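Overview (structure and organization)
This is what each chain is made of:
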Amino acid sequence: MALTATRRDDNRLTTFFRDTFEELRKVVWPTLPELYRYTVVVIVTVVIISAFIGLVDLGLGAFTQRYVYNGIQGATH
């Protein structure tokens, strides 16, 4: 009984990998220039969003330091 279960599992695994390989053959892979362009777009987008979030964080930090903590020294947590 365990032997048939193992064969069935092996058959499912083999079928899975065969189907996966067939699907990967259908994929249209990007060319090297497209890959470079997409990579640059992602890096520039991450830098811009990071700068925006950093500036907002600095602004909110300054705002809370001035108006919430009323200039209390040592309240930087």
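Above this text is the structure in question.
Everything quoted here is computed from the prediction, not taken from an experiment. Every chain begins its residue count from 1, and numbering advances along the sequence as written. Side-chain atom pairs in this predicted model are given and counted only at pLDDT of 80 or more, local residue features only at pLDDT of at least 70, and totals for whole chains, interfaces and linings cover all residues. The basis for the side-chain values is all heavy atoms of the structure; hydrogens and waters are excluded.

Once that is clear, we can look at the pattern of salt bridges. Charged atoms that come close allow side chains of opposite charge to pair. A pair is scored as a salt bridge if a Lys or Arg side-chain nitrogen falls within 4 Å of a carboxyl oxygen belonging to Asp or Glu. Using the criterion set out here, one finds 2 salt bridges in the structure. A salt bridge links Arg25 to Glu22; its shortest N-O distance comes to 3.6 Å. Residue Arg25 and its partner Glu22 are located together in helix 1 (residues 2-26), separated by 3 residues, close to a single helical turn. Relative accessibility under 20% of the residue-type maximum defines a buried residue, over 50% an exposed one, and the middle range a partly exposed one, all with a 1.4 Å probe and only protein chains included. The exposure class of Arg25 is exposed, given its relative accessible area of 57%. A relative accessible area of 37% places Glu22 in the partly exposed class. The shortest N-O distance in the salt bridge between Lys26 and Glu23 comes to 3.3 Å. Placement of the pair is Lys26 and Glu23 together in helix 1, with a separation of 3 residues, close to one helical turn. Note on conventions: DSSP H or I runs of at least 4 residues are helices, E runs of at least 2 residues are strands, and numbering of each starts at the N terminus.

Two rings from Phe, Tyr or Trp (for Trp, the six-membered ring) form a pair when their centres are within 6.5 Å of each other. A pair whose planes differ by under 30 degrees is stacked, one over 60 is edge-to-face, and the rest are tilted. Inspection of the entire model under this criterion finds 2 aromatic pairs. Ring geometry for Phe16 versus Phe17: centroids 5.4 Å apart, planes at 65 degrees, classification edge-to-face. A ring pair is formed by Phe63 and Tyr67, whose centres lie 5.2 Å apart and whose planes are at 45 degrees; its orientation type is tilted. Of the two residues, Phe63 and Tyr67 are both situated in helix 2 (residues 32-68); the distance of 4 residues between them amounts to about one turn of the helix. Residue Tyr67 is classed as exposed on the basis of its relative accessible area of 53%.

So, on to helix 2. Taking 1.5 Å as the rise per residue, helix 2 with 37 residues should run 54 Å; its terminal C-alpha atoms sit 52 Å apart, in good agreement. Asn70 occupies a position one or two residues after helix 2 and carries a positive phi of about 55 degrees. Expected helix span is computed as 1.5 Å times (number of residues minus one).

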